[in-house]
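Residue strings, one per chain:
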Amino acid sequence: MLDEATALVEGYSSYYSFSRKKSGYSGVATYCKNSCMPFQAEEGLAGTLSSHEAKIDFYDSVHGSFTDEGLKALDSEGRCVMTLHRFKEEETVASLIVINVYCPHAGDNDERLAYKLEFYRALSLRCDDLLSQGYHVIVLGDINVSHRLIDHCEPDDVTSFSKSPSRIWLDGFLVEGGGKFIDSFRYLYPTKEKAFTCWNTKLNARVNNYGTRIDYIMLSSKLSQSLRECIIMSEVYGSDHCPVKASIALNFISSTRLPALCTKNFKEFSGKQLKMSEFICKRSLAVGSADELQSKPDVSEPKKTRLSQKTTKQQSSLLNFFASTSVTSHENVSSLQFVSSTTESTNSFDCNKSLSTATSSSVGLWKNLLKGPAPPPVCSGHKEACVLRTVKKKGPNMNRQFWACPRAAGHSSDLNAQCNFFLWSSAKRIEPTNNAQAEDKFRNGAALD
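One structure accompanies this document, and this report is about it. (Residues numbered from 1 in each chain as written. Predicted model: local features only at pLDDT ≥ 70, side-chain atom pairs only at ≥ 80, totals over all residues. Heavy atoms only, no water.)

**Some points on the overall build of the protein chain**
Okay, step 1: Looking only at helices and strands, one finds twelve helices and 16 strands in the protein chain.
Okay, step 2: Classification of the 449 residues of the protein chain by burial places 36% in the buried group.
Okay, step 3: Once local pairs closer than 6 in sequence are excluded, the contacts in the protein chain between residues at least 24 apart make up 63%. (Helix = DSSP H or I, 4+ residues; strand = E, 2+ residues; numbered from the N terminus. Buried < 20%, exposed > 50% of the residue type's maximum accessible area, 1.4 Å probe, protein only. Contact = heavy atoms within 4.5 Å.)

And the structure:
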């Protein structure tokens, strides 16, 4: 749930989009300084979530390429926020659209891959429509694809790397592939290596900078002249991603009116929403005169008296049920003493020694029954105690546990990084996968969610 401290930050206006399909599944937010407050703001790519007054408009290509159901699906997961800004450009006023996106992740799911590619296509079409109307455009956020080999720590298959459908789309979106946008970071640093923005936290991969670059700030080509810097802020922690920051020299004009999508207009933050306390009214009690209260008989007094009286009989303690019963008959006492004496004289054994032997025997028996978990195996690469992990990927082995090297993930050539040790925690096999195949899946993160 969005809290007030997050939504209302001093000196900024914020704009959110949330998933309509599943709470907390996905969403994006854009924060704008008051000095460049947007003139309009809209959530979604297809315009299905905003009223006509709040829409930035220009959907011709998008609406002509998707069905009504497809348009709603594009906007249903809260993956886009668009803001319209204005800035001075020589003697005129220019318009800038900032498109903040969280592109879908597909993995091995064919259905999600189809949705991801449709999202990419809608993004391209919307950008084309805006550029054709004379707008400058910035597309930024998690694009969920590493573009070149230099943007990936260690691809599975180098030969087919560029043939990925997502990379083919990104190629065509950028200038070098015939598109209309520049990748800000690579525009300034075309050969910089190990510049990653995302790491697998389950494998502690950030320790060895074993990640990918999937977060971008992409500018329409005319804005390249205003680009001053683009840096990856890998020192900033908070999630499996790190921020990317670009500096663009533009003379912004701030709007004097908040767009409807701004969080300051949300009912829960604007003071318009009714609170639960407003439904609960205080009851006024009619109090009579002191004489009336004194003359009125108190019918409840006998009950109070009875309740306040304490009984002298105390409840028995649980230990009382295990206390030995006292013997009052002298004849019985003598008999007990005689038997005890006879037993001691005939058997002559040490009670304390017998009790100690029985206790040690019981302890040994319980230790044999309750041995506890076996010690973890040691990895083959470093001879260190392994850690237990769980398969999260859907399939026959889902929720199975396996042993792996405890070190952080890293490049296969790094001897100090995680080795390829892999061992199922149980001997029972669910699918005929050899350890070498399982090692590859684990190393590449396929075995983990």
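**A look at helix α3 (residues 68-75)**
Okay, step 1: Inspection of α3 places L71, L74 and D75 among the buried residues, and these make up the whole buried set. Projected onto a plane normal to the axis of α3, the buried residues spread over an arc of 90° and lie on a single side. Of the residues in α3, the exposed ones pointing more than 90 degrees away from the buried face are E69 and K72.
Okay, step 2: The elements touched by buried residues of α3 are α2 (60-65) and α4 (110-132). (Arc of directions from axis to C-beta.)

**Focus on the environment of L131**
Okay, step 1: Along the chain, L131 falls in helix α4.
Okay, step 2: With 73 residues separating them in the primary sequence, L131 and F58 have C-alpha atoms 10.0 Å apart.
Okay, step 3: Dropping the residues within four chain positions of it, L131 is found in contact with V137, K180, F181 and S220.

**What to know about unusual backbone geometry**
Okay, step 1: Positioned with a positive phi, N209 is a non-glycine residue whose angle comes to about 50°.
Okay, step 2: Mapped onto the secondary structure, N209 falls in the loop between β8 (198-199) and β9 (211-212).
Okay, step 3: Positive phi, normally seen in glycine, also occurs at K383, with a value near 60°.
Okay, step 4: With relative accessibility at 61%, the residue K383 sits in the exposed group.

**Section: the packing of aromatic side chains**
Any two aromatic rings considered together are summarised by their centre-to-centre distance and by the angle between their planes.
Okay, step 1: In the structure shown here, the tally under the stated rule is twelve aromatic pairs.
Okay, step 2: Ring centres of W169 and F173 lie 4.9 Å apart, and the angle between their planes is 25°; on these two criteria the pair is classed as stacked. Taken together, the positions of W169 and F173, both in helix α5 (residues 165-173) and four residues apart, correspond to about one turn of that helix.
Okay, step 3: Centre to centre, the rings of F422 and W424 are 5.1 Å apart; their planes meet at 85°, and the pair counts as edge-to-face. We note that F422, like W424, is buried.
Okay, step 4: Pairwise contacts between aromatic rings join Y120, W169, F173 and F181 into one cluster.
Okay, step 5: The residue whose ring lies beneath R206 is Y237, and the NZ or CZ to ring-centre distance is 3.9 Å. (Phe/Tyr/Trp six-rings, centres within 6.5 Å; stacked < 30°, edge-to-face > 60°. Lys NZ or Arg CZ within 6 Å of the ring centre and 35° of its normal.)

**Thoughts on the sheet that holds strand β14 (residues 387-390)**
Okay, step 1: Within the open sheet, the three strands sit side by side as β14-β15-β16. Their pairing is antiparallel. The sheet is open, and its two edges are formed by β14 and β16 (422-424), each paired on a single side. On average, each strand axis in the sheet is inclined to that of its neighbour by 35°, with strand direction left out of account.
Okay, step 2: By the bridge criterion, three bridges tie strand β15 (residues 401-404) to β16 in an arrangement that is antiparallel. Residue A404 lies in a different strand from β16, and its bridge partner there is F422. (Pairing = 2+ DSSP bridges. Axes fitted to C-alpha atoms, helices over the stretch in contact; angles between N-to-C directions.)

**Concerning the packing of α4 against α5**
Okay, step 1: It is at 10 Å that the axes of α4 and α5 come closest, and there the two elements cross at 5°. On the basis of their axis angle, the class for α4 and α5 is roughly parallel. Contact with α4, carried on its side by K116, L117, Y120, R121, L123, S124 and C127, involves P165, S166, W169 and F173 of α5 and no other residues of that element.
Okay, step 2: For the contact of α4 with α5, the class distribution of residues is seven nonpolar, two polar and two charged. (Parallel < 35°, antiparallel > 145°, perpendicular 65-115°, else oblique. Nonpolar A, V, L, I, M, F, W, Y, C, P; charged D, E, K, R; others polar.)

**Some remarks on the layout of surface pockets**
Okay, step 1: In this structure, the second largest pocket occupies an estimated 1200 Å³ of space.
Okay, step 2: As for the second largest pocket, its lining consists of 36 residues, of which T30, Y31, L140, I217 and V244 are closest to the centre.
Okay, step 3: Elements with a contribution of two residues or more to the lining of the second largest pocket: β2 (27-33), β4 (80-89), β5 (92-102), β6 (136-142), β10 (215-220) and β12 (244-248).
Okay, step 4: Per-element tally for the lining of the second largest pocket: the top contributor is β2, with seven residues.
Okay, step 5: Grouping the constituent residues of the lining of the second largest pocket by class yields 22 nonpolar, nine polar and five charged. (1 Å grid on protein atoms, 1.4 Å probe; cavity = no way out; pocket = protein on both sides within 12 Å on 5 of 7 lines; lining within 4 Å. Points joined across faces, edges and corners; volume = space filled by probe spheres on them.)

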